[in-house]
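Observations on the three-dimensional arrangement
Residues per chain are reported as follows:
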Amino acid sequence: MPANQSLPNIVILTGAGISAESGLKTFRDNDGLWENHRVEEVATPEAFEQNPGLVYRFYNARRAQLQQADIKPNAAHLALARLEKALGNNVMLVTQNVDDLHERGGSETVYHMHGQLLSARCAITQETFEWRDSFDHTTKCPCCNRVTLRPDIVWFGEMPMFMEEIYNRLAQADIFIAIGTSGNVYPAAGFVQIAKESGAHTIEANLEPGATNALFDESLTGPASSVVPQWVDNLISMYAL
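This write-up is about the structure you can find in this document. (Residues numbered from 1 in each chain as written. Predicted model: local features only at pLDDT ≥ 70, side-chain atom pairs only at ≥ 80, totals over all residues. Heavy atoms only, no water.)

**Considering the pairing of strand S8 (residues 201–206)**
Counted residue by residue, S8 has five buried out of six residues, so it is predominantly covered. Summarising the sheet, strand S7 (residues 175–179) and S8 pair through five bridges and their orientation is parallel. By the bridge assignment for S8, Ala178 is matched with Glu204. At this point the chain moves from S7, through helix H8 (residues 191–197), to the parallel S8, and the crossover so formed is right-handed. (Buried < 20%, exposed > 50% of the residue type's maximum accessible area, 1.4 Å probe, protein only. Helix = DSSP H or I, 4+ residues; strand = E, 2+ residues; numbered from the N terminus. Pairing = 2+ DSSP bridges. Right-handed = clockwise from strand over helix to strand, strands pointing away.)

**Considering helix H4 (residues 52–66)**
The terminal C-alpha atoms of H4, which comprises 15 residues, lie 21 Å apart, in line with the 21 Å expected from a rise of 1.5 Å per residue. Among all positions of H4, only Leu54, Val55, Tyr56, Phe58, Tyr59, Asn60, Arg62, Arg63, Gln65 and Leu66 are buried. Buried-residue contacts for H4 involve helix H2 (39–42), helix H3 (45–50), helix H6 (101–104), strand S4 (115–122) and strand S6 (149–153). (Expected span 1.5 Å × (residues − 1). Contact = heavy atoms within 4.5 Å.)

**Digging into the sheet that holds S7**
One open sheet holds the six strands; their spatial order is S3-S2-S1-S7-S8-S9, and the pairing between them is parallel. Single-partner strands in this sheet number two, and they are strand S3 (110–112) and strand S9 (218–221). Averaged over neighbouring strand pairs, the angle between their axes works out to 20° when direction is ignored. Against the sheet, helix H7 (residues 163–170) touches strand S1 (10–14), strand S2 (91–95), S3 and S7, its axis set at about 135° to S2. Here helix H9 (residues 224–238) sits on the sheet in contact with S1, S7, S8 and S9, set at roughly 165° to S7. (Axes fitted to C-alpha atoms, helices over the stretch in contact; angles between N-to-C directions.)

**Notes on the sheet that holds S6**
Spatial ordering of the open sheet is given by S5-S4-S6, a layout of three strands whose pairing is antiparallel. Strands at the two margins of the open sheet, each flanked by one partner only, are strand S5 (128–130) and S6. For this sheet, the mean inter-axis angle between neighbouring strands, taken without regard to orientation, is 45°. Bridge count for S4 against S5 is three bridges, and the pairing is antiparallel. Paired with Ser119 across the two strands is Glu130, which belongs to S5. Contacts between H4 and the sheet are confined to S4 and S6, with S4 contributing the most and set at about 135° to the helix.

**Focus: the packing of aromatic side chains**
Tallied over the entire structure, the rule returns nine aromatic pairs. Relative to Phe162, the ring of Tyr111 has its centre 5.3 Å away and its plane inclined at 90°; by these criteria the two rings are edge-to-face. Taken as a pair, Tyr111 in strand S3 and Phe162 in the loop between S6 and H7 lie far apart in primary sequence, 51 residues in all. Linked through ring pairs, Phe48, Tyr56, Phe58, Tyr59, Trp131, Phe135 and Trp155 together constitute an aromatic cluster. A cation sits over an aromatic face here: Arg150 above Trp155, 3.9 Å from the ring centre. (Phe/Tyr/Trp six-rings, centres within 6.5 Å; stacked < 30°, edge-to-face > 60°. Lys NZ or Arg CZ within 6 Å of the ring centre and 35° of its normal.)

**Thoughts on helix H5 (residues 75–87)**
Helix length check: H5, at 13 residues, gives a terminal C-alpha distance of 18 Å against a target of 18 Å (1.5 Å per residue), a fit within 8%. Every buried residue of H5 is listed here: Ala76, His77, Ala79, Leu80, Ala81, Leu83, Glu84, Ala86 and Leu87. Looking at the buried positions of H5, the neighbouring elements they touch are S1, helix H1 (16–20), S2, H6, S7 and H9. A side-chain oxygen of the first residue of H5 lies 2.9 Å from the backbone nitrogen of Ala76; this N-cap is Asn74. (Polar contact = N/O pair within 3.5 Å; in protein donor to acceptor, adjacent residues only side chain to side chain.)

**Brief notes about the side chain of Thr95**
Along the chain, the position of Thr95 falls in strand S2. Overall, the relative accessible area of 0% leaves Thr95 in the buried class. Of note is the side chain of Thr95, whose polar atom sits 3.0 Å from the backbone nitrogen of Asn97. Setting aside its immediate chain neighbours within four residues, Thr95 contacts Thr14, His102, Val110, Tyr111, His112, Met113 and His114.

**Looking at unusual backbone geometry**
Trans peptide bonds make up the majority, and among non-glycine residues the majority have a negative phi. Of note, the amide linkage connecting Tyr186 to Pro187 takes the cis form, showing an omega dihedral of 15°. Look at Gln126: it is not a glycine, yet its phi comes out positive at around 70°. With respect to the element layout, Gln126 can be found in the loop between S4 and S5. Owing to a relative accessible area of 43%, Gln126 belongs among the partly exposed residues under this scheme. Its identity is not glycine, yet Phe162 carries a phi of approximately 65°, on the positive side.

So, in structure tokens, the structure goes:
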């Protein structure tokens, strides 16, 4: 369906909470560790430079976990895919998650602002490649035949992807919803403010209020797999889609 001005323009932001219900660990545990590692050890350019072996092993393990048979999209992923099918280009789905659960749930256009786990990137050309197996400092890059591959992940200190496109769509949004996000990680935590300044109705869907909850017009409290399908059904019904 082409963009239609009579239908709402919706920007959706998803975070770790939506993936947690599919069995993936959230960004950080309560003790501040990321799967038993400090963020500084595995998710910065400096960490990759100082201890690439650890960084490779960390993402290889996460990549393997993502492909386990019991890790599947949940009802929230499926509902967002239904909304995209109903509203087409009027929906922009942005995720902070590096998994492929949105795609496996049926979403066709997903903006992964923090990169993708099932991908490798050449550090020289920045070309990316679908990659489901492990790789390390001995793996040669397909584009230059040199040992230049790194995880296709946006680390702390690096610029998230698709920011221009995201900001442009936030400025045109009628509805902005943040699902399963803590509101602690910028620039994504600032999206609600930009949407509000553009006149959008803002919604937070979370297990509990996040750090930016006061900026939202509406709160949907509960598991994403419960509150998101209900929200989608109500929206589709409202516009008789």
